[in-house]
Amino acid sequence: MIESLIQNTGHPDAFVRVDAVKSLVGIGEPAVDTLIQSLNEENPKIRENSAAALGKIGDERAVQPLINLLGDENNEVQRAAEFALCDIGDQAVEPLVDAISDPNANWAVRLNGIRVLETIGDERAVGPLIEMLGGADAVDAAAALGSIGESAVEPLIDVLGDEDPHVRAYAARALGGTGDSRAVGPVIELLNDENENVRANAAMALGKLDDRRAIEPLTKSLDDSSDRVRILARSAIDDIERQVSSSKVMTFYGEGREFYTEDERRSWLDELESMRNIRDDMEKYMHPDGPVISYGQGYDGYISVTFLEGSEVNDSLMDEIYGVIDKKAVENGIDDIPVKFEFEEMPVLDEAPSEALIEEDIETPNTPGFTILSLIMALFIVFNKQK
């Protein structure tokens, strides 16, 4: 029976594949060994959906086979392995740390492993990630360290004096991602570093740390000998002055969807494509006439509505907007549509520094872009109405 269900995970009919995965998850532990063997099947759909089932079951025996699958030749299989390891969580951390620390490991395994650790956010990954700040994976390691947050702050501060300028630069970048006030003073000191790339990343990090103590030293950096340091310092000052004290708030309406397979996710996202025709209904809520600065379809399966940070928003307004979206969804055959409301500062598209200004070129493999996108449909931002 288990073998038959596994073969059905590669069936041409998406509904058959979904039912097979659900049944395997229901069987649980007795299906694990056979599912692990199926990760070597020739059919990529079987590999992808077997990984999804193993993630839902959450058995520790699947961790290393799933890590190996991070280097699969098929991008969708890699992505399924990433999600599965994130589902397993804590039990996957130490094997993932070993994988990203192995210089002989497949580059896709290291890269995707870093991103899984970024999602899990476990402090056991801090040391190995810091060791990667001077190498080809520095950008991804810095992002992961920033996401890990509080437990990474002190170790990162300790390496700000490293003799390798790449380490200093990306440690500063990671500290910016943590948002921790303890990092402000040490990162300010890097504005005087002899290396231009270090100064540039320090300026960028200070903009993210959002602490007014950084404004005076950043103002001095407006006279830096480097064009990119001056541009990033100006951008950081603008970021600090523009940010407000209110924290990002998120509220969910409707029923969130659980995806057993990536086929389910893709099918649901295709359904949400029908919500593109809601633009006229949302017009009166858009900035500057209203508080909404963007809305769009997210890869998590929600319609995301973003309010300008600092706007006056209450339950009545969110109820009203949800009613507008829900009505349109019902017209398109979608019941109880999931919507999340959040607050963000206004994007400043014409002032944001390019990535080329932020980092020095580091040799990296010719990798495909990260496939887990936060938005897969256009955000409707009404800049032409601003005064």
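Thresholds applied
- Residues numbered from 1 in each chain as written.
- Predicted model: local features only at pLDDT ≥ 70, side-chain atom pairs only at ≥ 80, totals over all residues.
- Heavy atoms only, no water.
- Pairing = 2+ DSSP bridges.
- Helix = DSSP H or I, 4+ residues; strand = E, 2+ residues; numbered from the N terminus.
- Axes fitted to C-alpha atoms, helices over the stretch in contact; angles between N-to-C directions.
- Buried < 20%, exposed > 50% of the residue type's maximum accessible area, 1.4 Å probe, protein only.
- pLDDT = per-residue confidence, 0-100.
- Contact = heavy atoms within 4.5 Å.
- Core = buried A, V, L, I, M, F, W, Y, C linked by side-chain atoms within 4.5 Å.
- Salt bridge = Lys/Arg side-chain N within 4 Å of Asp/Glu carboxyl O.
- Right-handed = clockwise from strand over helix to strand, strands pointing away.

### Let's talk about the sheet that holds strand S1 (residues 250–253)
Here is step 1 of the chain: Pairing is mixed across the open sheet formed by 4 strands, whose spatial order is S1-S4-S3-S2. The open sheet terminates on both sides in strands that have one partner only, identified here as S1 and strand S2 (292–297). Going across the sheet, the axis of each strand differs from the next one's by a mean of 20 degrees, ignoring polarity.

### Some thoughts on unusual backbone geometry
Here is step 1 of the chain: Residue His287 is joined to Pro288 through a cis peptide bond whose omega torsion reads 10 degrees.
Here is step 2 of the chain: Looking at the secondary structure, you find Pro288 in the loop between helix H18 (279–282) and S2.
Here is step 3 of the chain: Within the chain, Asp210 stands out as a residue other than glycine whose phi angle is a positive 55 degrees.
Here is step 4 of the chain: Along the chain, Asp210 turns up in the loop between helix H14 (196–209) and helix H15 (215–220).

### Here we look at the pairing of S2
Here is step 1 of the chain: The buried fraction of S2 amounts to 6 of the 6 residues, a majority that puts the element mostly inside the structure.
Here is step 2 of the chain: Bridging between S2 and strand S3 (residues 303–308) involves 5 bridges; their strand directions are antiparallel. Looking across to S3, one finds that Tyr295 is bridged to Val305.
Here is step 3 of the chain: Counting the residues in the hairpin turn of S2 and S3 gives 5 residues, including Gly301, whose phi is positive at 95 degrees.

### Points about the confidence of the model for the chain
Caution is warranted with low-pLDDT regions, since their predicted coordinates should not be read in detail.
Here is step 1 of the chain: A residue-level look at the chain finds 87% of positions with pLDDT of 70 or above and a mean pLDDT of 86.
Here is step 2 of the chain: Long-range and interchain partners of residues 348–354, a stretch whose pLDDT sits below 50, account for 7 contacts in this model, where long-range means more than four residues apart.
Here is step 3 of the chain: Within the model, the stretch residues 361–387 combines pLDDT values under 50 with 55 contacts to residues more than four positions away or in other chains.

### Quick word on the nonpolar core
Here is step 1 of the chain: Of all hydrophobic cores here, the largest spans 85 residues; its most connected members are Leu66, Leu129, Leu133 and Leu218.
Here is step 2 of the chain: In terms of residue count, the dominant contributor to this core is H14 (8 residues).
Here is step 3 of the chain: Grouped together as the second largest cluster of nonpolar side chains are 27 residues, Val305, Leu317, Ala329 and Ile334 included.

### Examining the pattern of salt bridges
Here is step 1 of the chain: Following the criterion strictly, the structure yields 31 salt bridges and no others.
Here is step 2 of the chain: Where Asp227 meets Arg230, a salt bridge forms, and the shortest distance between an N and an O atom there is 2.0 Å. Placement of both Asp227 and Arg230 in helix H16 (residues 227–242) is noted, with a separation of 3 residues, approximately one turn of the helix.
Here is step 3 of the chain: One continuous salt-bridge network, built from bridges that share partners, spans Arg17, Lys45, Glu48, Glu76, Asp263 and Arg266.

### Concerning the pairing of strand S4 (residues 339–344)
Here is step 1 of the chain: Extensive coverage of S4 is indicated by the burial of 5 of its 6 residues.
Here is step 2 of the chain: The sheet contact formed by S1 and S4 spans 4 bridges and is antiparallel. Bridging across to S4, Met250 finds its partner in Glu342.
Here is step 3 of the chain: Across 6 bridges, S3 lies against S4 in parallel orientation. Within S4, the position partnered with Leu308 by the bridge is Glu344.
Here is step 4 of the chain: Following the backbone out of S3, through helix H19 (residues 315–331) and into the adjacent parallel S4, one traces a crossover that is right-handed.

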